[in-house]
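# Coordinate inspection notes
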Amino acid sequence: MFVKCRRYIKEGDSVSQFDSICEVQSDKASVTITSRYDGIIRKLHYNLDEIAYVGKPLVDIEIDASKGVASEEDVVETPPMSHEEHTHQEIKGHKTLATPAVRRLAMENNIKLSEVVGTGKDNRILKEDILNYLAKQTGAILPPSPKAEIIPPLPKSETVPAAPKDKARKIPVPVSRPIVFSGKDKTEPVTGFQKAMVKTMSAALKIPHFGYCDEIDLTQLVQLREELKPLAQIRGVKLSFMPFFIKAASLGLLQYPILNASLDESCQNVTYKASHNIGVAMDTEQGLIVPNVKNVQVCSVFEIASELNRLQSLGSAGQLGTNDLTGGTFTLSNIGTIGGTYTKPVILPPEVAIGALGKIQVLPRFNGKGEVFKAQIMNVSWSADHRIIDGATMARFSNLWKSYLENPASMLLDLK
Ligand code: CAO
């Protein structure tokens, strides 16, 4: 049996009883060896990190001119866990046998080991002996503690434990159980929409994204949609909020055409797109797809709703064609149908801007008279290509889009 050695003292140092001499480490545990004497270190038998052999002297301590030099012999055996009953130190010719943990406990409570009667084998002083000694000193009654029970050492500040405190300090030792899990890792190739996403998003990484967020009060729009929904239904179209968001964006793009543009690879030319082909991020069983509603600038809200219905049913059936999936010029992502407030949308190159919509929530807000009312609040998060779009442009566009949605009647003025 051998241990690795780390020391705290050097030759010539004075040591007192219980001073740390060195730390020994085996493949099973680490134990601090303390001095059993007041004296002077005369010889170190090992250098740092050398292998120290069990049963061989570690250090010579001169304890008294009259008594000569005592050799401190280390017989450390480290068990799988730190069960101190198994870890023991012995000193030739010395009667106080105790483990380092017990010595530490005694030291922290200012108890001289020579005054404690050991009840262990060969009069070894056990932890119980220290606790009983303490109890006798203070008059505290300690409950009988079975040998297997582990009581953590007292903190340095607590020199004399009081009975109730002592009781509270007994922490149940959790029984470690092996966790059985039979699952296996699975590797599969990246294919289909996922593969397309890898390509598009990797290209998007080259774009310096500018982010801008705001809160939109949709109270009026929610009411308006309630009124229009049955009318659209009669004509066979499901009217959600998206057609309004899309149309308002197109009206805004008419004012801020740089957001409906693309930048060439060499960043030398910007192309302003004539068509507002507004992409709609769609969550389908096959994955994320972004078909676009073509020429929104010449479409009514109803026409947009109808086209969106078509794209949604084809999308959920996995039957969207190339024409529907290409040629987008600007994108909206309504993640709010799933949840969330703010997000950080990623631009789809060669586009230069994208908006993501959060969940519509009923929240308290103030009206113009300072009265609290139940508002239908939605958050929007924009990302724009900062190489050609500045923050002020994005903010102005967002304000315009917001004004159309907060006062949907205002859209009528600009609808063609
Ligand atoms: N907050 C709360 N409710 C919302 C909402 C929002 N932001 N947007 C829509 N809703 C409501 C709709 O009004 C509808 O309610 P009704 O049944 O009462 O009319 C319901 O949610 C379902 O709407 P919908 O999904 O059928 O239609 P939509 O036009 O609002 O949205 C689409 C279509 C394709 C955008 C949506 O289905 C979708 O896929 N969203 C997820 C987009 C996504 O994954 N983005 C992340 C991209 S980055 O990975």
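The rules behind these values
Residues numbered from 1 in each chain as written. Predicted model: local features only at pLDDT ≥ 70, side-chain atom pairs only at ≥ 80, totals over all residues. Heavy atoms only, no water. Helix = DSSP H or I, 4+ residues; strand = E, 2+ residues; numbered from the N terminus. Buried < 20%, exposed > 50% of the residue type's maximum accessible area, 1.4 Å probe, protein only. Contact = heavy atoms within 4.5 Å. Areas by Shrake-Rupley, 256 points an atom, 1.4 Å probe, with all protein chains shown as cover. Axes fitted to C-alpha atoms, helices over the stretch in contact; angles between N-to-C directions. Parallel < 35°, antiparallel > 145°, perpendicular 65-115°, else oblique. Left-handed = near helix turned anticlockwise from the far one by under 90°. Nonpolar A, V, L, I, M, F, W, Y, C, P; charged D, E, K, R; others polar. Phe/Tyr/Trp six-rings, centres within 6.5 Å; stacked < 30°, edge-to-face > 60°. Lys NZ or Arg CZ within 6 Å of the ring centre and 35° of its normal. Pairing = 2+ DSSP bridges. Polar contact = N/O pair within 3.5 Å; in protein donor to acceptor, adjacent residues only side chain to side chain. Core = buried A, V, L, I, M, F, W, Y, C linked by side-chain atoms within 4.5 Å. Near = heavy atom within 4 Å. Salt bridge = Lys/Arg side-chain N within 4 Å of Asp/Glu carboxyl O. Expected span 1.5 Å × (residues − 1).

A few words now on the overall build of the protein. When its secondary structure is counted, the protein shows 10 helices and 19 strands. A total of 416 residues make up the protein; the buried ones form 41% of that total. In the protein, once contacts between residues fewer than 6 apart in sequence are set aside, the share between residues at least 24 apart is 55%. Summed over all atoms, the accessible surface of the protein reaches about 23,600 Å², with 54% contributed by carbon and sulfur.

Let's shift gears to the packing of helix α6 (residues 242-255) against helix α7 (residues 301-317). Axis separation between α6 and α7 bottoms out at 9 Å; the angle between their running directions is 120°. When the axis of α6 is compared with that of α7, the two are oblique. For the crossing formed where α6 meets α7, the hand is right-handed. On α7, the residues that touch Met 242, Pro 243, Phe 244, Ile 246 and Lys 247 of α6 are Val 301, Ile 304, Ala 305 and Leu 308. Here the contact of α6 with α7 is composed, by residue class, of 8 nonpolar, no polar and 1 charged.

Summed over all chains, the structure comprises 7 aromatic pairs. Taken together through their ring pairs, the aromatic side chains of Phe 241, Phe 245, Tyr 256, Phe 330, Trp 382, Phe 397 and Trp 401 make up a single cluster. Across the ring face of Phe 241, the terminal group of Arg 225 is positioned such that the distance to the ring centre comes to 4.3 Å. Over the aromatic face of Phe 302 sits the side chain of Arg 235, whose NZ or CZ is 3.8 Å from the ring centroid.

Bridging between strand β18 (residues 361-366) and strand β19 (residues 372-385) involves 6 bridges; their strand directions are antiparallel. Opposite Val 362, over in β19, you have Gln 376 as the bridge partner.

Bringing the side chain of Ser 383 into the picture now. Considering the arrangement of structural elements, one finds Ser 383 in strand β19. Take Ser 383: its relative accessible area is 2%, and that puts it in the buried class. Side-chain polar atoms of Ser 383 contact the backbone oxygen of Pro 345, separated by 2.7 Å. Not counting residues up to four positions away in its chain, the partners in contact with Ser 383 are His 209, Phe 210, Lys 344, Pro 345, Ile 347, Val 352, Ala 353 and Ile 354.

Okay, the nonpolar core next. Most often, soluble globular proteins keep nonpolar side chains buried together rather than apart. One finds Phe 245, Ile 246, Leu 259, Phe 330, Leu 332, Trp 401 and Leu 405 to be the most contacted residues of the largest nonpolar core, which totals 48 residues. Per-element accounting of this core gives the leading share, 8 residues, to α6. In contact with Leu 259, not counting residues within four places along its chain, are Leu 253, Thr 329, Phe 330, Val 352, Ala 353, Ile 389, Met 394 and Phe 397. Ile 9, Ile 21, Ala 52 and Val 59 belong to the second-largest nonpolar core, a separate cluster that totals 14 residues.

For the rest of this paragraph, the subject is the site of the ligand. Every one of the 21 residues lining the ligand counts as a neighbour, but Lys 238, Ser 240, Asn 334, Gly 358 and Ile 360 are closest to it. In the environment of the ligand, a nitrogen atom lies 2.9 Å from a nitrogen or oxygen atom belonging to the backbone of Gly 358. Contact between the ligand and Ile 360: a nitrogen atom at 2.8 Å from a main-chain N or O atom of the residue. Bound to the protein, the ligand loses 72% of the 960 Å² it would expose on its own.

Right, let's talk about the pattern of salt bridges for a bit. Across all of its chains, the model carries 9 salt bridges by this definition. Between Glu 215 and Arg 365 there is a salt bridge, with its nearest N and O atoms 2.8 Å apart. Here the residue Glu 215 occupies a position in strand β9 (residues 209-217), and Arg 365 occupies one in strand β18, the gap between them amounting to 150 residues. The structure contains a network of salt bridges with shared partners spanning Asp 214, Lys 402 and Glu 406.

By secondary structure assignment, the location of Ser 250 is in helix α6. Those residues in contact with Ser 250 that lie beyond four places of it in its chain are His 276, Ile 278, Val 296 and Gln 297.

Turning our attention to helix α9 (residues 391-406). Here α9 spans 22 Å end to end across 16 residues, near enough to the 22 Å set by a 1.5 Å rise per residue. All of the buried residues along α9 are Gly 391, Thr 393, Met 394, Ala 395, Phe 397, Ser 398, Trp 401, Lys 402, Tyr 404 and Leu 405.

A few words now on unusual backbone geometry. Cis rather than trans, the peptide bond between Pro 349 and Pro 350 has omega equal to 10°. Positive phi values are uncommon outside glycine, yet Asp 122 reaches one of about 55°. Looking at Asp 122, the relative accessible area reads 56%, which means it is exposed. A positive phi angle, close to 60°, is found at Cys 267, a residue other than glycine. Counting through the fold element by element, Cys 267 comes out in the loop between β10 (261-263) and β11 (270-272).

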